[in-house]
Amino acid sequence: MNVVFLNPSGQIGGAERSLLDIMASLRAARPDWTLGLVATADGPLVPAARALGVRVAVVPLPETIARLGDGGASRSASLPRLAGALPAGLGYVRRLRRAVRALGPDVLHTNGFKMHVLGLWARPRGVPVVWHVHDFVARRPLMSRLLRAHARACAAVVANSHAVAEDVRGLAGGRVRGGVHAVHNAVDLDSFSPGGSRLDLDERAGLDPASAGTVRVGLVATLAWWKGHETFLRAVSLLPPDLPVRAYVVGGALYETADSQRSLDDLRALAARLGVAERVGFTGYVEDAAAAMRALDVVVHASTEPEPFGLVIVEAMACGRAVVASEAGGAAELFRPGVDALGHPPGDAAELARRIAELAGDAGLRARLGAEGRATAERRFDRARLAAELVPIYQTAAEQ
Ligand code: GLC
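Note that the coordinates shown come from a computational prediction; the quantities given were computed from them, not determined experimentally.

### A few points about the pairing of strand S8 (residues 215-220)
Of all six residues that make up S8, five are buried, and the element is covered over most of its length. Pairing analysis gives six bridges linking S8 to strand S9 (residues 245-250), with the strands arranged parallel. Following the sheet pairing, Val 220 is matched in S9 by Val 250. In this fold, the crossover linking S8 to S9 by way of helix H9 (residues 229-237) has right-handed handedness.

In structure tokens:
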């Protein structure tokens, strides 16, 4: 079997971490299978996939399409942009088809909205396309229309959580021949583990070393507007001033889609307005997320919208860290509040502040949650599960 993945970026965000984990899992379970990847830009994803023995082609996406998206924009703003992108899109489909043909797939696995559509247009005749949906679709006006219109041509849908699977079913479930399957992401339990190197977060953030006994609390996320940076900074501003907490914003801008992210400068300005500039470090993008998490005592996930999955939550649990996560969407499927992580309602800075304060004052609680979190990660989020769940989906799609 030859599976070719299409990814609408060359960067490594959550959807790409998930993709690399799938590749690694398939490699281990099916060493005789051939894997290929077409990425729309050069970037860290390319060598990472190659290192797993995946054949990679880069077919650069024209700027007009790369910037297209409705994560934060309204329909009226997006449709004219879509029309404007059409001529470039047609040329792109031709180039993509050539690259896909050269890789000779039995199945195409598309890893993002743009590729779900472009992949169907570009596929060689008879090759089934499996969509891997990582985000809620129904709330995205442009993409939901496009996906519904193309769903009959798609062989099967993989969703990263039950919540996302439900969302896709509501939109187009009946149209997808091979059905909609929830497959939770997994993590590399060896790299995301309690032992290993730790980043010097203070140095990264240009701060003096924190004094002994300081509890390090960090939001680890891309700068997408819904990741809850504001909620986190507000929560920090509500902590008692004498609580020995230093907060970190770990992450930087990643994707090219227009209007979808905040800037570090905005966040710094917000921290200053809230009077917490002294208490917060901004590390920017970090390559080694595990080393950053191990340097934290508490990892915060604060998405203000229902999180489709929330890889960071599982990664931090696998690192044996105490986690406070926003309880909604797929994220709520990942942990048992009070047992292996703590929860807070999305966007509720006061509740988040209470959870952080509780953890900052109780090293025993942090240790208990960390140990339980690691056990949960080992039980439910081992990478080996990915191949076990995906292989039958690919096989059924290829036989259709
Ligand atoms: C997307 C989702 C995120 C998920 C990741 C991997 O980035 O927004 O919740 O963890 O994909 O599936």
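There's more to say after this.
### Considering a nonpolar patch on the surface
A surface patch of nonpolar side chains, amounting to about 280 Å² of accessible area, comprises Leu 86, Leu 90 and Trp 121. Given the relative accessible area of 47%, Leu 90 is considered partly exposed.

### Focus on the layout of surface pockets
Roughly 220 Å³ of volume is contained in the second largest pocket. Lining the second largest pocket are 13 residues, and of these Leu 68, Leu 82, Val 117, Leu 118 and Trp 121 sit closest to its centre. Sorting the residues of the lining of the second largest pocket by element identifies helix H4 (75-103), helix H5 (113-122) and helix H6 (141-150) as the ones contributing at least two each. With five residues, H5 is the single largest residue contributor to the lining of the second largest pocket.

### Remarks on the nonpolar core
Counting residues in each nonpolar core, the largest one holds 42 residues, and the members touching the most others are Leu 6, Val 38, Tyr 92, Leu 96, Trp 131, Val 133 and Val 157. Among the elements of the structure, strand S1 (2-7), helix H3 (63-66), H4, H5, strand S5 (129-133), H6, strand S6 (156-159) and helix H7 (162-172) are those that each provide at least two residues to this core. Of all the elements, H4 adds the most residues to this core, at seven residues. The residues contacting Tyr 92, other than those within four sequence positions of it, are Thr 40, Val 59, Pro 60, Leu 61, Pro 62, Ile 65, Met 115 and Leu 118. One finds Leu 243, Ala 322, Val 324 and Ala 353 within the second-largest nonpolar core, a separate group that totals 35 residues.

### Overview of the site of the ligand
Residues in contact with the ligand, as listed here, are Gly 14, Ala 15, His 134, Asp 135, Asn 160, Asn 185, Trp 226, Glu 307, Pro 308, Phe 309, Gly 310 and Leu 311. A distance of 2.4 Å is found between an oxygen atom of the ligand and a side-chain nitrogen or oxygen belonging to Glu 307. Within the backbone of Phe 309, an N or O atom sits 3.0 Å from an oxygen atom of the ligand. Expressed as a share of its isolated accessible area of 310 Å², the protein-covered part of the ligand is 92%. For the shell around the ligand, a count of residues per class yields five nonpolar, five polar and two charged.

### So, the sheet that holds strand S3 (residues 55-58)
Spatially, S3-S2-S1-S4-S5-S6-S7 is the arrangement adopted by the seven strands of the open sheet, whose pairing is parallel. Each edge of the open sheet carries a strand with a single partner, namely S3 and strand S7 (180-182). Averaged over all pairs of adjacent strands, the angle between strand axes in this sheet comes to 20 degrees, irrespective of strand direction. Sheet topology note: the strand S2 (residues 34-39)/S3 ladder contains four bridges and is parallel. When the bridges of S3 are listed, Leu 37 appears paired with Val 56.

### Observations concerning the packing of aromatic side chains
Enumeration over the complete set of coordinates arrives at two aromatic pairs. Their ring planes at 55 degrees and their centres at 6.3 Å tell us that Trp 33 and Tyr 394 sit as a pair that is tilted. Pair noted here: Trp 33 is in the loop between helix H1 (14-29) and S2 and Tyr 394 is in helix H15 (residues 384-399), with a separation of 361 residues, a long-range link. Residue Trp 33 is classed as buried on the basis of its relative accessible area, which comes to 5%. You can call Tyr 394 buried: its relative accessible area is 0%. Measuring from centroid to centroid gives 6.3 Å for Phe 309 and Phe 381, while their planes differ by 85 degrees, and the two rings are edge-to-face. With a gap of 72 residues between them, Phe 309 in the loop between strand S11 (298-300) and helix H12 (311-318) and Phe 381 in the loop between helix H14 (363-380) and H15 connect regions that are remote in the sequence. Note on Phe 381: relative accessible area 0%, which makes it buried.

The rules we used
- Residues numbered from 1 in each chain as written.
- Predicted model: local features only at pLDDT ≥ 70, side-chain atom pairs only at ≥ 80, totals over all residues.
- Heavy atoms only, no water.
- Buried < 20%, exposed > 50% of the residue type's maximum accessible area, 1.4 Å probe, protein only.
- Helix = DSSP H or I, 4+ residues; strand = E, 2+ residues; numbered from the N terminus.
- Pairing = 2+ DSSP bridges.
- Right-handed = clockwise from strand over helix to strand, strands pointing away.
- Patch = residues over 30% accessible without salt bridge, like charges linked within 9 Å, V, L, I, M, F, W, Y side chains within 5 Å.
- Areas by Shrake-Rupley, 256 points an atom, 1.4 Å probe, with all protein chains shown as cover.
- Salt bridge = Lys/Arg side-chain N within 4 Å of Asp/Glu carboxyl O.
- 1 Å grid on protein atoms, 1.4 Å probe; cavity = no way out; pocket = protein on both sides within 12 Å on 5 of 7 lines; lining within 4 Å.
- Points joined across faces, edges and corners; volume = space filled by probe spheres on them.
- Core = buried A, V, L, I, M, F, W, Y, C linked by side-chain atoms within 4.5 Å.
- Contact = heavy atoms within 4.5 Å.
- Near = heavy atom within 4 Å.
- Polar contact = N/O pair within 3.5 Å; in protein donor to acceptor, adjacent residues only side chain to side chain.
- Nonpolar A, V, L, I, M, F, W, Y, C, P; charged D, E, K, R; others polar.
- Axes fitted to C-alpha atoms, helices over the stretch in contact; angles between N-to-C directions.
- Phe/Tyr/Trp six-rings, centres within 6.5 Å; stacked < 30°, edge-to-face > 60°.

Everything listed here is a matter of geometry and, on its own, says nothing about what the molecule does.
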